[in-house]
Amino acid sequence: MGEPVVPGSTITGAACLELFESQATSRHLDLAARRLGSARRGYYSIGSSGHEGNAALAAALRTSDPALLHYRSGAFFVHRARRVPGLDPIRDVLLGVVAAAADPISGGRHKVFGSAAANVIPQTSTIASHLPRAVGLAFAFDRAARLGVSSPWPSDSVVLCSFGDASANHSTAAGAINAAIHTAHQAIPMPILFACEDNGIGISVPTPPDWIEQAYGHRPGLRYFSADGCDAVDALTTASTAAQWVRDNRKPGFLRLRTVRLLGHAGSDMEAAYRRAADIAAELLRDPVLATARLLVESGVVTPADVLDRYADLGRRVAATAEIVREEPKLASAAAVIAPIGPSRPALVRAEALRAEPLPDDGRSAARNRADRATSRADASHRTNTNGAATQGDPVTLAQAINDTLADLLARDRDVLAFGEDVGRKGGVYGVTKGLQKTFGARRVFDTLLDEQSVLGTALGVALAGFVPIPEIQYLAYLHNAADQIRGEAATLSFFSDGRYRNPMVVRIAGYAYQKGFGGHFHNDNSIAALRDIPGVVLASPSRADDAAAMLRTCASAARVDGRVCLFLEPIALYHTRDLHTPGDDGWLAATSRTEHVEVGRARVYGDGTDLTLVSFANGVPMSLRVARRLARRGIHARVLDLRWLAPLPVDDLVAHARATGRVLVADETRRSGGVSEAVCAALVDAGFSGTLARVTSEDSFVPLGPAAGTVLLDEDRIDAAARALMGPAAQRAPSEGAATAATDARRAEARRSGEFDSGTE
């Protein structure tokens, strides 16, 4: 068994036999999944038959190399898991097929190939969506080593990212591979092996036989390899060469593994309806399991009877395990299903947010100690050298507060990274990250490609490797180019891994409308409907400097403590706003403090009016405060509730302040359809609010250029008119200095006694 399986090869008979057993096991798992499905006990039948050559990839790599796999990677998973003590790939895969709660990776939520012990990171079925994350993870190895950040993987690891030939045409794949080449071109290590398993067809759409080589075989900066996945010796030899080249050179490689697709796309697929019988028969002749068996027999490693016995024995083991797992309990309650989504430990998050000392040093890294000393020196001068805030406690703008808080986080914790388009040398389009790269260095504050999928993919990857990333999306409208990286990747990882993997991050997004002199839809987008319904994602939206600082600190802590994915929506028009009521009043400046913390899902109230509650957020808050002053001249006393958190909504605070006045007007700068006000009104109705309720919003429109924007956006006059309409005929009279009624006085006195109100600036 220790001799080469073919003359001149370094592949031994023993190694080839191990590959065969993994391939045969994977084939039997596919067949068992079909049988379980027919018996209504199995729920997943996208198989790996014909792709069993990917077991060679598992053999070529270390078990410590992270793998982000194509959904036809059964043989890879079996072979990797067999090399890890304590794992049983047959049982693990079948538990996923039957959606058993005991499934060791997803807990019965989905059939995925994943294992924390085997360093297989579970992926969704969305084609190519995992490639940006894989690139980010490969980027993280060297960065972690240089910054002294503890990572789950050795610094000389290689990332394996596999996908199909149809996925290779997806814009996400093209962008990720381009990002890997671009990164390596700048002499930044990028140890990733892209493995395209080319079976020549995407469901029913053929891929030209030479297309993958034409598209990727001649790319400068991308080392190309090709192997026959139906030939075990060629596959293992080439995969080993490719993996070692990537490991040695720390540059991206691309391996085309030519495969076949047997048994159709999935259990419900009748491929005879769109493929010729001759083509199906030709692919059966290339069956990789049969090819490996034939090789073993012809080389004298085993006899025909022996190989048949091994195959049959594996089939019996799979069938016996299938009979056992089909009776395993399933998830039986909504609470059990959603348990990994958005874990929340407010007390721990608060303690983390208020932590003043750096992360403890485990003493293992000289690089870590150097990094800590460098950031300590840098932090001493940052505050006076960037946006002009002289000392802690001076009133600052929203932009200054965010800049200072980013500096605090970077100075305190070596594992924080800030990056995005124009974030580094320029300091952001609006100066929000000004001076951070100079202070903390280009390894921690850096520019990225102008590709939002790559920005978010970098965050997804480095988060897996032990960092707390704070990426920036330059404009809200640009996020929609890459929304699946949030919706399909970031938000689902803990769900598909039952919390075993997580990707903590705080995504800063400049958004909303009302910019002066820089208009149009792409820089004034006010649509966040696509973000609000993503399970587990925190959506923060501060309006004032002190809240921005405290909420950003809370988001970073929620990411670190609970692994939360936080989206931090920053109102562009308020970045540099100083005044509230009159020019020069500095009424919208606020002092920040490192000891402030805002709990996720808690609102802020301005004033204690008992006639009306104005509910708003972001740009709507200062508008509502100015309207409240107008209403006061008419004898209408309003309080303004700043939601601050759009997901989860601060329902308890909302209901309390709605009941305090009995009248609610929601001033919503987003669109009427799908806007925030819909959720606010629904929350009040669900809570049994019986008072008067109305909303005023922007139009269902894109934001046009120039003065025309004012025709579709919410403004103070609209809020004022809606408030007076809500209050009834008496509110339409001219402003009066008349005294409040006795009932109003009583309600106001009760509100003051409650102690729950923050009077803010009003």
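A few points on the structure. Source: prediction; values computed, not measured.

Moving on, we come to the overall build of the protein. The number of helices and strands found in the protein is 27 helices and 21 strands. Along the longest, intermediate and shortest principal axes, the C-alpha atoms of the protein span 105 × 60 × 45 Å. Burial analysis of the protein (762 residues in total) assigns 59% to the buried set. Across the protein, every contact between residues at least 6 apart in sequence was considered, and the portion connecting residues at least 24 apart equals 79%. For the protein, the accessible area works out to roughly 28,700 Å², and carbon and sulfur atoms hold 54% of it.

With that settled, the discussion passes to the state of the cysteines. Applying the stated criterion across every chain yields a total of zero disulfides. Its sulfur unpaired, Cys196 is 10 Å from the next cysteine sulfur, which belongs to Cys161. Given the relative accessible area of 0%, Cys196 is considered buried.

Let us look at empty space enclosed by the protein. Using a probe with the size of a water molecule, rolled over the atoms, empty space left in the structure can be pinpointed. For the structure on display, the rule yields nine cavities of 30 Å³ or more. Along its surface, the largest cavity is lined by 14 residues, and Asp30, Ile46, Gly47, Val93 and Phe113 are the ones closest to its centre. When contributions to the lining of the largest cavity are tallied by element, the ones reaching two or more residues are α1 (13-38) and α4 (89-97). With four residues, the top contributor of residues to the lining of the largest cavity is α1. Considered class by class, the residues forming the lining of the largest cavity number seven nonpolar, five polar and two charged. By volume, the second largest cavity is sized at about 110 Å³. Lining the second largest cavity are 13 residues, and of these Tyr71, Lys111, Val112, Phe113 and Gln123 sit closest to its centre. Counted by class, the lining of the second largest cavity contains seven nonpolar, five polar and one charged residues.

What follows concerns the side chain of Gln123. Mapped onto the secondary structure, Gln123 falls in the loop between α4 and α5 (131-147). In terms of polar contacts, Gln123 uses its side chain to reach the backbone carbonyl oxygen of Ile121, at 2.9 Å. Among all residues touching Gln123, those that are not within four sequence positions of it are Leu68, Leu69, Val112, Phe113, His130, Arg133 and Glu489.

For the rest of this paragraph, the subject is α1. Helix length check: α1 (26 residues) gives 38 Å between terminal C-alpha atoms against 38 Å at 1.5 Å per residue, within 8%. Residue Arg40 follows α1 closely and has a positive phi angle near 60 degrees.

Ordered by their spatial adjacency, five strands build an open sheet running β1-β2-β3-β7-β6, and the pairing between neighbours is parallel. What marks the edges here is a single partner per strand, and that holds for β1 (67-68) and β6 (223-228). Sitting on the sheet, helix α6 (residues 171-185) is in contact with β2 (159-164), β3 (192-198) and β7 (253-258), with an inclination near 150 degrees to β3. Helix α8 (residues 232-249) rests against β3, β6 and β7 of the sheet, and its axis sits at about 165 degrees to β6.

As a further point, take the environment of Leu69. Along the chain, the position of Leu69 falls in the loop between β1 and α3 (74-82). Here the alpha-carbon distance between Leu69 and Ser162, two residues 93 residues apart in the chain, equals 5.0 Å. In this structure, Leu69 is in contact with Phe76, Phe113, Val120, Gln123, His130, Leu160 and Ser162, ignoring residues within four places of it in sequence.

Moving on to the pattern of salt bridges. Counted under the stated rule, the structure contains 47 salt bridges. The residue Arg62 makes a salt bridge to Asp156 at a minimum N-O spacing of 3.0 Å. Here Asp156 lies in the loop between α5 and β2 and Arg62 lies in the loop between α2 (55-60) and β1, a separation of 94 residues in the sequence. Beyond isolated ion pairs, a larger network of salt bridges with shared partners links Glu352, Arg355, Arg412, Asp413, Asp415 and Arg560.

Strands sit in the order β16-β18-β17-β20-β21 across an open sheet of five strands; the sheet is mixed. The open sheet is flanked by β16 (604-606) and β21 (692-698), the only strands paired with a single partner. Neighbouring strand axes in the sheet, compared pairwise and without regard to direction, differ in orientation by 20 degrees on average. The sheet strands contacting helix α24 (residues 651-661) are β16, β17 (612-616), β18 (638-642) and β20 (663-671), and the helix crosses β18 at an angle near 170 degrees.

Here we take up the packing of aromatic side chains. Under the definition given, this model contains 14 aromatic pairs. When the ring of Tyr224 is compared with that of Phe254, the centres are 5.9 Å apart and the planes differ by 15 degrees; the resulting orientation is stacked. Remark: Phe254 occurs in strand β7 and Tyr224 occurs in strand β6; sequence separation between them is 30 residues. Phe254 matches Tyr224 in its accessibility class, with the two residues each being buried. With 5.5 Å between their ring centres and 45 degrees between their planes, Tyr430 and Tyr575 make a pair best called tilted. Of this pair, Tyr430 sits in the loop between β9 (416-420) and α16 (436-440) while Tyr575 sits in the loop between β14 (565-571) and β15 (590-591), and the two are 145 residues apart along the sequence. Here the two residues Tyr430 and Tyr575 agree in accessibility, since each one is buried. Ring pairs connect the aromatic residues Phe163, Phe194, Tyr216, Tyr224 and Phe254, which therefore count as one cluster.

Further remarks concern unusual backbone geometry. Each neighbour pair has its own omega, and for Ala647 with Pro648 the value is -5 degrees, a cis peptide bond. Looking at the element boundaries, Pro648 is found in the loop between β19 (645-647) and α24. In this structure, Tyr512 is a non-glycine residue whose phi angle is positive, near 70 degrees. Along the polypeptide, Tyr512 turns up in the loop between β12 (505-511) and α21 (529-532).

To continue, consider the pairing of β2. In terms of residue burial, β2 counts as a mostly covered element, since six of its six residues are buried. Relative to β2, β1 is paired through two bridges, and the arrangement is parallel. If you follow Ala67 over to β2, its bridge partner there is Leu160. Relative to β3, β2 is paired through six bridges, and the arrangement is parallel. Bridge pairing in β3 links Ser162 to Ala195.

Every α-helix carries 3.6 residues per turn, so stepping three or four residues along brings you back to the same face. Residues Gln485, Ile486, Gly488, Glu489 and Ala490 constitute the buried set of helix α19 (residues 483-490). Looking at the buried side of α19, the elements it contacts are α5, α6, α17 (452-464), α20 (493-496), β12 and β14.

Here we take up the pairing of β18. Taken across its five residues, β18 has five buried, putting it largely inside the fold. Alternating positions in β18 separate into two faces, Ala638, Val640 and Asp642 on one and Arg639 and Leu641 on the other, with burial throughout. Of the strand pairs in this sheet, β16 and β18 are connected by three bridges, and their pairing is antiparallel. Looking across to β18, one finds that Arg604 is bridged to Asp642.

Now for the packing of α5 against α17. Between two packed helices, both the angle of their axes relative to each other and the distance between the axes serve to describe the pair. Here α5 crosses α17 at 55 degrees, and the two axes come no closer than 6 Å. In terms of orientation, α5 and α17 fall into the oblique class. α5 and α17 meet at a crossing whose hand is right-handed. In contact with Pro132, Arg133, Gly136, Leu137, Phe139 and Ala140 of α5, α17 contributes Gln453, Gly457, Thr458, Leu460, Gly461, Val462 and Leu464. The residue makeup of the contact of α5 with α17, split by class, is seven nonpolar, five polar and one charged.

Quick notes on the rules
Residues numbered from 1 in each chain as written. Predicted model: local features only at pLDDT ≥ 70, side-chain atom pairs only at ≥ 80, totals over all residues. Heavy atoms only, no water. Helix = DSSP H or I, 4+ residues; strand = E, 2+ residues; numbered from the N terminus. Buried < 20%, exposed > 50% of the residue type's maximum accessible area, 1.4 Å probe, protein only. Contact = heavy atoms within 4.5 Å. Areas by Shrake-Rupley, 256 points an atom, 1.4 Å probe, with all protein chains shown as cover. Disulfide = S-S within 2.5 Å. 1 Å grid on protein atoms, 1.4 Å probe; cavity = no way out; pocket = protein on both sides within 12 Å on 5 of 7 lines; lining within 4 Å. Points joined across faces, edges and corners; volume = space filled by probe spheres on them. Nonpolar A, V, L, I, M, F, W, Y, C, P; charged D, E, K, R; others polar. Polar contact = N/O pair within 3.5 Å; in protein donor to acceptor, adjacent residues only side chain to side chain. Expected span 1.5 Å × (residues − 1). Pairing = 2+ DSSP bridges. Axes fitted to C-alpha atoms, helices over the stretch in contact; angles between N-to-C directions. Salt bridge = Lys/Arg side-chain N within 4 Å of Asp/Glu carboxyl O. Phe/Tyr/Trp six-rings, centres within 6.5 Å; stacked < 30°, edge-to-face > 60°. Parallel < 35°, antiparallel > 145°, perpendicular 65-115°, else oblique. Left-handed = near helix turned anticlockwise from the far one by under 90°.

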